[in-house]
Amino acid sequence: MNRDRLFTIIVLGSTQTLAWGSTYYLPAVLADDIARDTGVSTTWLFATFSVSLIISALLGPRAGRMIDRGNGNAVLAASNLLFAAGLVLLGFANSLIALQAAWVVLGIGMGIGLYDAAFAVLGRIYGTTARGAITGITLLAGFASTIGWPLTAWGAGTIGWRDTCFAWAALHVFVALPANYWLLPRPVIDAAVERRVADQVVPIDRPMVLLAFAFAAAWVVTAGMAAHFPRILEATGATQTQAIAAGALIGPSQVAARLLEAGLMARFHPLVSARLAALTHPIGAAVLLLAGGGVASSAFAVLHGSGNGILTIARGTVPLALFGPENYGYRLGLIGLPSRFLSALAPLGFAVLLEHIGAQILAVSAGLSLAALAALCLLRRPAPEPLCAE
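All values derive from a computational prediction rather than experimental measurement. (Residues numbered from 1 in each chain as written. Predicted model: local features only at pLDDT ≥ 70, side-chain atom pairs only at ≥ 80, totals over all residues. Heavy atoms only, no water.)

**A look at the overall build of the protein**
- For the protein, the helix and strand inventory stands at 17 helices and 0 strands.
- For 390 residues, the compact-globule estimate of 2.2 N^0.38 gives 21 Å, and the protein sits close to it at 20 Å.
- Its C-alpha atoms give the protein principal-axis dimensions of about 60 × 55 × 35 Å.
- Here the analysis covers contacts within the protein between residues at least 6 apart in sequence; of these, 82% occur between residues at least 24 apart.
- Here the protein displays about 16100 Å² of accessible surface, and carbon together with sulfur accounts for 68% of that area.
- Here the protein contributes 22 positively and 17 negatively charged side chains, and the mean placements of these two sets differ by 6 Å. (Helix = DSSP H or I, 4+ residues; strand = E, 2+ residues; numbered from the N terminus. Rg over C-alpha atoms; globule rule 2.2 N^0.38 Å. Contact = heavy atoms within 4.5 Å. Areas by Shrake-Rupley, 256 points an atom, 1.4 Å probe, with all protein chains shown as cover. Lys, Arg positive; Asp, Glu negative; His and termini not counted. Charge placed at Lys NZ, Arg CZ, Asp CG, Glu CD.)

**Thoughts on the pattern of salt bridges**
- Counted by the stated rule, this structure contains 5 salt bridges.
- The closest approach of N and O atoms between R131 and E261, which form a salt bridge, is 2.8 Å. Placement of R131 in helix α7 (residues 131–141) and of E261 in helix α13 (residues 250–262) is noted, with a sequence separation of 130 residues between them.
- Judged by relative accessible area, which is 1%, E261 ranks as buried. (Salt bridge = Lys/Arg side-chain N within 4 Å of Asp/Glu carboxyl O. Buried < 20%, exposed > 50% of the residue type's maximum accessible area, 1.4 Å probe, protein only.)

**Points about the packing of helix α3 (residues 42–68) against helix α5 (residues 96–113)**
- Axis separation between α3 and α5 bottoms out at 7 Å; the angle between their running directions is 30 degrees. Relative to α5, α3 is oriented roughly parallel. Here α3 runs over α5; the crossing is right-handed. Here α3 contributes W44, L45, T48, F49, S52, L53, I55, S56, L59, G60 and A63 to the contact with α5, which in turn contributes L96, L99, Q100, W103, V104, G107, I108, M110, G111 and I112.
- Across the contact of α3 with α5, the residue classes tally to 14 nonpolar, 7 polar and no charged. (Axes fitted to C-alpha atoms, helices over the stretch in contact; angles between N-to-C directions. Parallel < 35°, antiparallel > 145°, perpendicular 65-115°, else oblique. Left-handed = near helix turned anticlockwise from the far one by under 90°. Nonpolar A, V, L, I, M, F, W, Y, C, P; charged D, E, K, R; others polar.)

**Considerations on a nonpolar patch on the surface**
- A grouping of L81, L171, V173, F174 and V175 is seen on the molecular surface, where their side chains present a nonpolar patch of about 460 Å² in accessible area.
- Tallying contributions element by element places helix α9 (residues 161–183) first for the nonpolar patch, with 4 residues.
- Tracing the sequence through the fold places L171 in helix α9.
- Given the relative accessible area of 36%, L171 is considered partly exposed. (Patch = residues over 30% accessible without salt bridge, like charges linked within 9 Å, V, L, I, M, F, W, Y side chains within 5 Å.)

**What to know about the packing of helix α4 (residues 72–92) against α9**
- Axis separation between α4 and α9 bottoms out at 8 Å; the angle between their running directions is 170 degrees. The angle between the axes of α4 and α9 places the two elements in the roughly antiparallel class.
- In the contact of α4 with α9, the residues fall into 19 nonpolar, 5 polar and 1 charged.

**What about the nonpolar core?**
- Among the nonpolar cores identified, the biggest contains 59 residues, and L90 and L122 are the most heavily contacted of them.
- Ranked by residue count, the leading element in this core is helix α6 (residues 115–126), at 8 residues.
- Core analysis: the next-biggest nonpolar cluster, separate from the first, contains 28 residues, L210, A314, V318 and I335 among them. (Core = buried A, V, L, I, M, F, W, Y, C linked by side-chain atoms within 4.5 Å.)

**Observations concerning the environment of V209**
- In this fold, V209 is placed in helix α11 (residues 206–235).
- Owing to a relative accessible area of 45%, V209 belongs among the partly exposed residues under this scheme.
- Linking V209 and I335, residues 126 residues apart in sequence, is a C-alpha distance of 7.5 Å.

**Regarding the packing of aromatic side chains**
- Applying the stated criterion across every chain, the model contains 11 aromatic pairs.
- Ring centres 5.1 Å apart and planes at 50 degrees place the aromatic pair W20 and Y115 in the tilted group. Residue W20 is located in helix α1 (residues 3–21), and its partner Y115 is located in helix α6; the two are separated by 95 residues in the primary sequence.
- Judged by centre distance (5.7 Å) and plane angle (0 degrees), the ring pair of F229 and F300 falls under stacked. Taken as a pair, F229 in helix α11 and F300 in helix α15 (residues 293–323) lie far apart in primary sequence, 71 residues in all.
- Under the relative-accessibility criterion, F229 is labelled buried at 4%.
- Residue class for F300 comes out buried when judged on its relative accessible area of 1%.
- Site record: aromatic cluster; members linked through ring pairs are W20, Y24, Y25, F49, W103, Y115, F119 and W149.
- A cation sits over an aromatic face here: R5 above Y126, 3.9 Å from the ring centre. (Phe/Tyr/Trp six-rings, centres within 6.5 Å; stacked < 30°, edge-to-face > 60°. Lys NZ or Arg CZ within 6 Å of the ring centre and 35° of its normal.)

Geometric values such as these leave the question of function open.
The following block contains the structure:
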C-alpha cells in the first residue's frame, strides 16, 4: 500500500471514528443525563433517535448520487457541519421539541456522513481497487465505541453533558471538516461520465434485491443484538457478570475479523467473506442454546462479533465487486436503505420478542442470518468457491 492511500485511510478512518463516536454511540452514554435535565423520558429519547436513523436511511441514495458526481469531499464536509449544528442544538435543548430538532439535524448528518458515504468516496477515488481502503477505514472506525463511550462519559462527568456536546461539535468543525474537505484526494472528474451518471437510471434488478435483503436481514440481527446482548445471554442462563464479560469480546472480535479480511481473505471474492460472516452468528447461537449461557457466552460473542465485523466491510466491497464503481454511491444508498430503516426498528422488535419467547429469540436471529446467507448464495460470482457452490 502506497503512502498516499495509507494517508487517505488514516484521514477518513479518523473522521469516521469521530462521526460514529459523537452521534450514533452518543445516546447510550448520555440518555440518562439528558432525560434528567430536560424532563424527557428515555423512551422518548430513544424513539427520537430511531426516527433520526430512519431519516438517515432515506437520504442515503441522494448522498450517494452526489458522491458519484465527484462531490465526496463536499458531502462529507457538509456532514461535519450538520453534526456540529445538531450537537450544539442538543447541548442547548430543554424540551422534547428541541431534542427532536437536534436529532433531525443529526439524522441528516448521519445520512450523508457515515460508512456508506465513506465507502462511496473511496469507490469514487480508487474504483475497483477500493476494497483494501474500505477494510482499512473500518479497522480504524471499529474503535469508535471504544473511544467515544469513555470520552463522552469522562466529559459528562467533568464538564457536563451539554459542554461535552459542544466539545464534540468543535472537533467536527475544526478537525473533521477540514480533514474531509482538504486532505482527502479529489477524483478526476470526466464531464461525459458525470453527465451519464447524472442521467442514468439504476435498475432494481435481482442482484440488487438479493443484496438489499441480505444486508437488511443481517443488520436487524446486528442492531437487535447491540441493544439487548446482555439480556439475551442472561435469558440463556448466563449471570450478569458473564454476560457483560462476553459483551466486551465483541469489539476485539470485530477488529480481529477485519484484520483477517485484510490479510488471508483478501485473495478471495468478497462474496466468500460475506457468506462466511453470515454463518458465524447461527453457529454461535446453536452453541449457546445447546451448551447454555454460562458456558458458551464468550464463544457466542466472538462468533457474533467476527461475523458482524466482516459484514460491515461486505456492505461496501460486495456491491463494488458485483457492479463496479459506476453509480457505486447511489447503489450503496439503495441497497442500504432497507437495512438502515429496519435497524432503527430492530431494538423495539427484539425487546418484544425477548419478553415473550426469551432465549428462543436466538432461533429468530439465527434464522434471519441464514436467510441472509441464502440470499448471498443466490448471487452469481466469477468462479465457484468452497462455500455455497452454484
